[in-house]
Amino acid sequence: MNKNGTIWHDTEGNTIQAHGGMILEHEGMYYWYGENKNGPTSTAPSGDIRVDFIGISCYSSADCMNWKYEGLALAASDEPGHDLYRDRVGERPKVLYNEKTGKFVMWFHLDSADYTDARAGIAVADHPAGPFRYVKGIRPNRSDCRDMTLFRDRDGSAYLIHSSDWNKTLRISRLTEDYLDVDGVCGKAFIEQEREAPAIFFQEGCYYMITSGCTCWDPNSALFGTSSTVLSGWKLIDNPCVGEHARQTFFGQSTYVFEKDGAFYLMLDHWKPEDLKNSGYSILPIEISDGHLTIPFREYTDFSK
Ligand code: GAL
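Everything quoted here is computed from the prediction, not taken from an experiment.

Structural notes on the pairing of strand E9 (residues 119–125)
Stage number 1. Most of E9 is tucked away, with 6 of its 7 residues classed as buried.
Stage number 2. A loop of 6 residues connects strand E8 (residues 103–112) with E9, the two strands running antiparallel in sequence, and Tyr-115 in this loop sits at a positive phi of about 60°.
Stage number 3. Bridge count for E9 against strand E10 (residues 133–138) is 5 bridges, and the pairing is antiparallel. Residue pairing across strands places Ala-120 opposite Ile-138, the latter belonging to E10.

If you want it as structure tokens, here you go:
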């Protein structure tokens, strides 16, 4: 069983390359999408620490513990100047299934190596493991987009939640019915609070959003906020992490919350900026009580219990 806070391995014994990722449940299977960083870590002229863009990996699992590599769901382009060329940035991919079109839609943070392009990339596929076809990169509602996530509400409407205004404020942009664009309806959360790495979920009448502070690859304190609507009304509440190293989010950073068998789990990246391909992961159960979240660290998460 993979140990939280460390490098994880797939069913072939290779390191799992699915950083800044998410887990999607589809027809009883779980799909883990994330950044494939299986290359050398280097420093861009801007000083940003990076791995050249390789693509977005997909892993599948029936139990969320044994992960089979399905290959690159979205691969880098070998055409210089292309949005997905290796000199670009593709981070934090999130995938939703659109029931109306029967397509899988991926959004991700698409950027230049110096993080000034700040767009959302969009790709689409017929099957969960891809191949995804790149559609376009946009500035949602003319705003910049860096760390981001997707959230599908109970009525099927979906939202992009993205760090914007140079990471000062999170913006929430509703997607069109086919999830391939934004529809112009938008809101803000945690204005000028400098939050990123958003992970959002809904439980019993309340929307919850877990975020990190903005300290690049270095760990900081997570904070969760709540609201009764997706688009507005967000209030920061507290750090959900408890116990040793809670103020550094157990040396991790949030990337997604998913539900399995009625319980909610937070996915963390444990970044290693000196060697990004060897960054670790955690999946930690979230305790929810009276609108408050509590996340203790545990070495192993056993989904079979
Ligand atoms: C972090 C962000 C990561 C990556 C990194 C680059 O703040 O959460 O996804 O973009 O900065 O320095």
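So, empty space enclosed by the protein
Stage number 1. This model, assessed by the stated rule, comprises 3 cavities of 30 Å³ or more.
Stage number 2. Space inside the largest cavity adds up to approximately 120 Å³.
Stage number 3. Lining the largest cavity are 18 residues, and of these Lys-37, Val-51, Val-89, Gly-90 and Glu-91 lie nearest its centre.
Stage number 4. Put simply, the parts of the chain that give the lining of the largest cavity at least two residues each are strand E4 (49–51), strand E5 (55–61) and strand E7 (88–98).

Side note on the pattern of salt bridges
Stage number 1. For the structure shown, the criterion picks out 18 salt bridges.
Stage number 2. The residue Asp-165 makes a salt bridge to Arg-171 at a minimum N-O spacing of 2.9 Å.
Stage number 3. Note that Arg-174 is salt-bridged to Asp-183, the shortest N-O span being 2.8 Å.
Stage number 4. When its relative accessible area of 33% is taken as the criterion, Asp-183 is described as partly exposed.
Stage number 5. What you see here is one network of salt bridges that share partners, running through Arg-88, Asp-117 and Arg-119.

Regarding the layout of surface pockets
If a probe as big as a water molecule is rolled over the atoms, it shows which places are left empty.
Stage number 1. A volume near 620 Å³ is recorded for the largest pocket.
Stage number 2. Looking at the largest pocket, it is lined by 23 residues, and the ones nearest its centre are Leu-24, Leu-96, Arg-152, Tyr-256 and Glu-259.
Stage number 3. Of all the secondary structure elements, the ones that give two or more residues to the lining of the largest pocket are strand E1 (19–26), E7, strand E11 (148–152), strand E15 (195–203) and strand E20 (253–260).
Stage number 4. Per element, the largest residue contribution to the lining of the largest pocket is 5 residues, and it comes from E1.
Stage number 5. When its residues are assigned to classes, the lining of the largest pocket shows 16 nonpolar, 1 polar and 6 charged.

A closer look at the side chain of His-26
Stage number 1. Within the secondary structure, His-26 sits in strand E1.
Stage number 2. When its relative accessible area of 13% is taken as the criterion, His-26 is described as buried.

Observations concerning the sheet that holds E8
Note: strands within a sheet are paired through backbone hydrogen bonds, in either parallel or antiparallel orientation.
Stage number 1. If you walk across this open sheet you meet the 4 strands as E7-E8-E9-E10, and the pairing is antiparallel. The open sheet has two free edges, formed respectively by E7 and E10, since each of these has just one partner strand. Taken pair by pair, the neighbouring strands of this sheet meet at an average axis angle of 25°, ignoring direction.
Stage number 2. Relative to E9, E8 runs antiparallel, the two being bridged by 7 bridges. For Trp-107, the partnering residue across the bridge sits in E9 and is Ile-122.

Regarding the site of the ligand
Stage number 1. Near the ligand you find Glu-91, Arg-92, Tyr-115, Asp-147, Glu-196, Cys-216, Trp-217 and Gln-253, and these make up its full shell.
Stage number 2. Gln-253 is positioned with one of its side-chain polar atoms (N or O) 3.0 Å from an oxygen atom of the ligand.
Stage number 3. A total of 310 Å² of accessible area belongs to the ligand in isolation, and the protein chains cover 92% of it.
Stage number 4. Put simply, the ligand lies in the second largest pocket.
Stage number 5. The residue makeup of the shell around the ligand, split by class, is 3 nonpolar, 1 polar and 4 charged.

About the thresholds
Residues numbered from 1 in each chain as written. Predicted model: local features only at pLDDT ≥ 70, side-chain atom pairs only at ≥ 80, totals over all residues. Heavy atoms only, no water. Buried < 20%, exposed > 50% of the residue type's maximum accessible area, 1.4 Å probe, protein only. Helix = DSSP H or I, 4+ residues; strand = E, 2+ residues; numbered from the N terminus. Pairing = 2+ DSSP bridges. 1 Å grid on protein atoms, 1.4 Å probe; cavity = no way out; pocket = protein on both sides within 12 Å on 5 of 7 lines; lining within 4 Å. Points joined across faces, edges and corners; volume = space filled by probe spheres on them. Salt bridge = Lys/Arg side-chain N within 4 Å of Asp/Glu carboxyl O. Nonpolar A, V, L, I, M, F, W, Y, C, P; charged D, E, K, R; others polar. Axes fitted to C-alpha atoms, helices over the stretch in contact; angles between N-to-C directions. Near = heavy atom within 4 Å. Polar contact = N/O pair within 3.5 Å; in protein donor to acceptor, adjacent residues only side chain to side chain. Areas by Shrake-Rupley, 256 points an atom, 1.4 Å probe, with all protein chains shown as cover. Sits in = over half its atoms within 2 Å of the grid points.

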